[in-house]
Amino acid sequence: MIVSRTTPRLERALGRRCRELLLPSITHGQATWRRHLQTQTDGRNWYLDAAVAFDIDGVLVRGKHALEEGRRALRMLSGDNALNKRIPFVLMTNGGGVSEASKAAEISRLMGVEIDARQVVLSHSPMQGLAARYSNDHVLVVGGSGHRCADIARAYGFHNVSTPNDVVAWRPSVWQFMRPPEDSQLSDPGRVRDYTRDPFRAVMMLHDSFDFGRDLQIVTDVLRSRNATLGAEFINKQSVPLYLSNADLIFSNEYPQPRFAQGAFHVCLRAMWDTLTGGAPLEHTRFGKPFTVQYDFVERLLDQLAQRAVPSTDMTQLRKRRSIYAIGDNPAADIAGANGAGWTSVLVRTGVFDGGPGTNDPANPATMVVNHVEDAVSWIVVAEHQRINQTAAEAPASAA
């Protein structure tokens, strides 16, 4: 049995930490962001009553290639629309394994529109909120290539991390089906650890596994071992907390059919755990779409963007009237999460969802289904234009 649980205490702690992390300036792109906003601070150039959260893969890009509809959609939100105003937007992806700044630079290059790091939310972005709890505790960081995810974890504030490569380098017999990693693949080549004397305090999966077998072996070893100490006896009950960053089973790239995503690893881990422990509970906290913690994080980020664009904004009133639109291609993640958060969901047919005209996803139906992201943004602009006209028409009657 596998149990997904986020306790109220953890949610409050994550919320406090995320608010703290959103307030300071992000060094990367700070000067560019100031230039971007310095002429946009009087409200006349911004329409803040709406905000858009884009998925990336299957919506704006497909694999390493930008969709032309995505380029035009972002230009529309930059003011080339019937409202003649800029509309705040963020990129909200279940991808990860890179920093927010790196993803912002990649998408900026692909789309030809400048994206700031503070407009990017990766699957693991809200996991920054755990750093206050695990700052100096030994954490196993799983996923990604080489030591990239360990570097991300350190940047988030986790100062004592190891990776599966580090464990194999310590004792190659842990996973004999690979060559021992070179120093360049280790998270801290100059550090020598004895994992029989250095227990873990948590396991955090920040990105897809690049070696399923190795990572399944080492994660289950840590979770099953007494005191989460490698080499100790197996006790067949969970020894430390497990945090997972992306539950997507599949995703879309250049290949004509969807590919396995990090969620496929979770399925394998559950099956291995159930078999090895005879069905002992495996509790975990999940981040990414469609989970509430991700949408709370994005809403706080949108608050920050609005305040930076128009410092005089009354955020209490804005939150009451703001419509947030989520555009995605994956009904189980993008649409289910947006619907659960009370956002308006728009499903596109350029990725995981491939339903024909007039169809919607039966399990997680979207508010609107369109062919591509340009159609989605066009529909949003029309809807907001109608809302403005309706509000204006109702104003005299309300005053009377």
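About the criteria used
- Residue indices begin from 1 for each chain and proceed along its sequence in written order.
- Thresholds applied to this predicted model are a pLDDT of at least 70 for local features of residues and 80 or more for the giving and counting of side-chain atom pairs; totals over whole chains, interfaces and linings are not thresholded and use all residues.
- Based on all heavy atoms of the structure, the side-chain values leave hydrogens and waters out of the count.
- Secondary structure elements follow DSSP: runs of H or I of four or more residues count as helices, runs of E of two or more count as strands, with numbering from the N terminus.
- Each residue is placed in one exposure class: buried if its accessible area under a 1.4 Å probe, protein chains only, is under 20% of its type's maximum, exposed if it is over 50%, and partly exposed if it falls in between.
- What makes two residues a contact is simply this: any of their non-hydrogen atoms within 4.5 Å.
- What makes a salt bridge here is a side-chain nitrogen of Lys or Arg within 4 Å of a carboxyl oxygen of Asp or Glu, nothing more.
- Two rings belonging to Phe, Tyr or Trp (six-membered ring only in the last case) form a pair when the distance between their centres is within 6.5 Å. Interplanar angles under 30 degrees mark stacking, angles over 60 mark edge-to-face geometry, and anything in between is tilted.
- Charges are assigned to positions over rings by a cutoff of 6 Å between ring centre and Lys NZ or Arg CZ, combined with an angular limit of 35 degrees from the ring normal.
- Points on a 1 Å grid over protein atoms alone make up a cavity when a 1.4 Å probe fits among them but cannot get out, and a pocket when they form an open set with protein on both sides within 12 Å along at least five of seven lines; lining residues each have an atom within 4 Å of a point.
- Grid points are joined across faces, edges and corners, and a volume is the space filled by probe spheres set on the points.
- Lys, Arg, Asp and Glu make up the charged group, whereas Ala, Val, Leu, Ile, Met, Phe, Trp, Tyr, Cys and Pro make up the nonpolar group; the residues left over, Gly among them, are polar.
- When DSSP finds at least two bridges between two strands, those strands are taken to pair.
- As used here, the term nonpolar core means buried Ala, Val, Leu, Ile, Met, Phe, Trp, Tyr and Cys residues forming a set that is joined through side-chain atoms within 4.5 Å.
- Confidence scores per residue from the predictor, reported as pLDDT, run from 0 to 100.
- Any N or O atom pair separated by 3.5 Å or less is treated as a polar contact, with the protein-specific requirement of one donor-capable and one acceptor-capable atom, and with residues adjacent in sequence counted only for side-chain atom pairs.
- Here the expected span of a helix is defined as 1.5 Å times the quantity of residues minus one.

K.L.:
An account of the overall build of the protein is requested, with residue identities and associated values reported.
P.N.:
Secondary structure assignment for the protein yields 13 helices and 16 strands. Looking at the 400 residues of the protein, the share that counts as buried comes to 52%. For the protein, the proportion of contacts with a sequence separation of at least 24, taken over those separated by at least 6, is 70%.

K.L.:
Outline the pattern of salt bridges, listing residues and values.
P.N.:
Taken as a whole and assessed by the stated rule, the structure comprises 15 salt bridges. Here K289 makes a salt bridge to D55, at a shortest N to O gap of 3.1 Å. Of this pair, K289 sits in the loop between β13 (282-286) and α10 (292-309) while D55 is found in the loop between β2 (50-54) and β3 (61-62), placing the two residues 234 residues apart along the sequence. We classify K289 as buried; its relative accessible area is 3%.

K.L.:
I'd like a rundown of unusual backbone geometry, residues and numbers included.
P.N.:
In this structure, the amide linkage connecting K289 to the following residue, P290, adopts the cis form with an omega of 10°. Looking at the element boundaries, P290 is found in the loop between β13 and α10. Of note, the phi angle at N84 is positive, near 55°, even though the residue is not glycine. Position of N84 among the secondary structure elements: in the loop between α3 (68-77) and β5 (89-92).

K.L.:
Account for the packing of aromatic side chains, naming residues and giving values.
P.N.:
Under the defined criterion, the tally for this structure stands at 8 aromatic pairs. Arranged with centres 4.8 Å apart and planes meeting at 70°, the rings of W175 and F177 form a pair that is edge-to-face. Ring geometry for Y325 versus W379: centroids 6.1 Å apart, planes at 90°, classification edge-to-face. Of this pair, Y325 sits in strand β14 (residues 323-328) while W379 sits in helix α13 (residues 373-399), placing them 54 residues apart in sequence. Judged by relative accessible area, W379 falls into the partly exposed class, the value being 26%. Taken together, the aromatic side chains of W170, Y195 and F200 make up a single cluster linked through ring pairs. We note R224 situated over the ring of F234; from NZ or CZ to the ring centre the distance is 4.0 Å.

K.L.:
I'd like a rundown of the layout of surface pockets, residues and numbers included.
P.N.:
By volume, the largest pocket is sized at about 720 Å³. Around the largest pocket sit 37 residues that line it, and D57, G95, K103, H207 and F251 are the ones nearest its centre. Secondary structure elements with two or more residues in the lining of the largest pocket: α4 (100-111), β11 (250-251) and α12 (331-341). Among the elements that make up the lining of the largest pocket, the one with the highest residue count is α4 (3 residues). Of the residues contributing to the lining of the largest pocket, the split by class is 11 nonpolar, 14 polar and 12 charged.

K.L.:
For the sheet that holds β2, give the residues involved together with the corresponding values.
P.N.:
Within the open sheet, the 6 strands sit side by side as β6-β5-β2-β14-β15-β16. Their pairing is parallel. Edge positions in the sheet fall to β6 (120-121) and β16 (368-370), since each of these pairs with one other strand and no more. Summarising the sheet, β14 and strand β15 (residues 344-348) pair through 4 bridges and their orientation is parallel. By the bridge assignment for β15, Y325 is matched with T344.

K.L.:
Hey, could you go over the nonpolar core for me, with residue numbers and the actual values?
P.N.:
With 36 residues, the main nonpolar core has F54, L60, L91 and I327 as its most contacted residues. Listing elements by their share of this core, those giving two or more residues are β2, α3, β5, α4, β14, β15 and α13. Sorting elements by how many residues they give to this core places α13 first, with 5 residues. Not counting chain neighbours up to four residues away, the residues in contact with F54 comprise V59, L60, L74, L77, F89, V90, L91, M92, I327, V373 and V377. L140, W175, V219 and V222 belong to the second-largest nonpolar core, a separate cluster that totals 25 residues.

K.L.:
An account of the confidence of the model for the protein is requested, with residue identities and associated values reported.
P.N.:
Chain-level statistics for the protein give a pLDDT mean of 89 and a share of 88% at 70 or above. Note that pLDDT drops below 50 for residues 17-41; the model gives that stretch 46 contacts with residues more than four away or on any other chain.

K.L.:
Explain the side chain of R322 residue by residue, including any values.
P.N.:
Mapped onto the elements, R322 comes out in the loop between α11 (315-321) and β14. At a separation of 2.9 Å, a polar atom in the side chain of R322 contacts the side chain of D303. Once residues within four sequence positions are removed from consideration, R322 is found in contact with L48, D49, A50, A51, E299, L302, D303 and M315.

K.L.:
Residue-level account of helix α8 (residues 212-224), with values.
P.N.:
Quick reminder: α-helices carry 3.6 residues per turn. Residues three or four places apart thus point the same way. Here α8 is 13 residues long and its end C-alpha atoms lie 18 Å apart, about the 18 Å a rise of 1.5 Å per residue gives. Along α8, 10 of the 13 residues are buried, which leaves the element largely enclosed by surrounding structure. Every buried residue belonging to α8 is among R214, D215, L216, I218, V219, T220, D221, V222, L223 and R224, and all of these are buried. Structurally, α8 contributes buried residues whose contacts are with β7 (139-142), α7 (164-170), β9 (202-205), β10 (242-244), α9 (262-277) and β13.

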